[in-house]
Amino acid sequence: MTSLFKKIIAIFSLTVVLAAGTFAGNTEAASTVASNEIVSSAKSLVGIKYSYGGTTKAGFDCSGYIGYVYKSKGIYLARTAAGMYNSGKAVNKANLAVGDLVFFNTTGKGVSHVGMYIGSGKFIHASTSKGVRVDKLNDPYYWGKKYVGAKRVATVTVAKK
């Protein structure tokens, strides 16, 4: 009976490993998106009003907006800016790529705002005063002074023309 039990355990273990391997490939596929797609999705929401705690087109807060854009591409992120900052791979400001998340300290208490880098020194985000909009990352009057860092949470590929 011991031999039969060992065979059953071995078969079950092999089944679990094979099943997990099947889904492991899907994780990488789900974390890759074309740069033109993510920017297009993000820009299509410009003008939507700010709403504290908002996660829908009826109104977004900063992390709700970023989460919504990425979720539309099959990538699920933490709900808050601070949670998003605790995920992904740190990226030097000089090495930003389209789709990287950029973080700011707007309250004096650590990471409190998130946006998405869209290239050419610009980022898109849900502003408390003007809703979803594009701003300059190095704006000397506000954003440049509030910048904390950036994270790469997905593989964003440059679209072929």
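(A) Structural detail: the overall build of the protein chain. Each helix and strand counted, the protein chain has five helices and 10 strands in total. By the burial criterion, 35% of the 161 residues in the protein chain qualify as buried. Partitioning the contacts of the protein chain with sequence separation of at least 6, the portion at a separation of at least 24 is 55%.

(B) Fine view of the packing of aromatic side chains. One pass over the full model with this rule turns up eight aromatic pairs. Note on Phe 104 and Tyr 147: the rings are 5.9 Å apart at their centroids and 75° apart in plane angle, and the pair reads as edge-to-face. With Phe 104 in strand S5 (residues 101-104) and Tyr 147 in strand S9 (residues 147-152), the pair connects residues that are 43 residues apart, well separated along the chain. Side by side, Phe 104 and Tyr 147 carry an identical accessibility label, which is buried. Here the aromatic residues Phe 104, Phe 123, Tyr 142, Trp 143 and Tyr 147 are joined through ring pairs into a cluster of three or more. Taking the ring centre of Tyr 147 as reference, the NZ or CZ of Lys 93 above it sits at 4.3 Å. Sitting over the ring of Tyr 85, Lys 151 keeps its end group 4.7 Å from the ring centre.

(C) The arrangement of the pattern of salt bridges in detail. One pass over the structure, following the stated rule, counts three salt bridges. Among the ionic pairs, Arg 79 bridges to Asp 61, the shortest N-O distance being 3.0 Å. Here the residue Arg 79 occupies a position in the loop between helix H3 (62-71) and helix H4 (81-85), and Asp 61 occupies one in the loop between strand S3 (59-60) and H3, the gap between them amounting to 18 residues. Residue Arg 79 is classed as partly exposed on the basis of its relative accessible area of 37%. On the basis of relative accessible area, Asp 61 is assigned to the buried category, the value being 8%. In this structure, the salt-bridge partner of Arg 133 is Asp 135, at a minimum N-O distance of 2.8 Å. Its relative accessible area of 24% is what places Arg 133 among the partly exposed residues. The buried category is assigned to Asp 135, whose relative accessible area is 14%.

(D) Looking closely at unusual backbone geometry. In the Ramachandran plot, Ser 120 falls in the positive-phi region, its phi being about 55° despite a non-glycine side chain. Here Ser 120 lies in the loop between strand S6 (113-119) and strand S7 (122-127). Since its relative accessible area comes to 74%, Ser 120 is described here as exposed.

(E) Molecular detail of the nonpolar core. Counting 25 residues, the largest nonpolar core has Tyr 65, Ile 66, Tyr 70, Leu 101, Val 114, Met 116 and Val 132 as the members making the most contacts within it. Residue assignment for this core shows that the elements contributing at least two residues are helix H2 (35-43), H3, H4, S5, S6 and S7. Take this core: its biggest share by element is five residues, from H3. Ignoring sequence-local partners within four residues, the contact set of Tyr 70 consists of Ile 38, Ile 75, Leu 77, Gly 99, Asp 100, Leu 101, Met 116, Val 153 and Ala 154. Grouped together as the second largest cluster of nonpolar side chains are 10 residues, Phe 104, Leu 137, Tyr 147 and Ala 150 included.

Definitions and cut-offs
- Residues numbered from 1 in each chain as written.
- Predicted model: local features only at pLDDT ≥ 70, side-chain atom pairs only at ≥ 80, totals over all residues.
- Heavy atoms only, no water.
- Helix = DSSP H or I, 4+ residues; strand = E, 2+ residues; numbered from the N terminus.
- Buried < 20%, exposed > 50% of the residue type's maximum accessible area, 1.4 Å probe, protein only.
- Contact = heavy atoms within 4.5 Å.
- Phe/Tyr/Trp six-rings, centres within 6.5 Å; stacked < 30°, edge-to-face > 60°.
- Lys NZ or Arg CZ within 6 Å of the ring centre and 35° of its normal.
- Salt bridge = Lys/Arg side-chain N within 4 Å of Asp/Glu carboxyl O.
- Core = buried A, V, L, I, M, F, W, Y, C linked by side-chain atoms within 4.5 Å.

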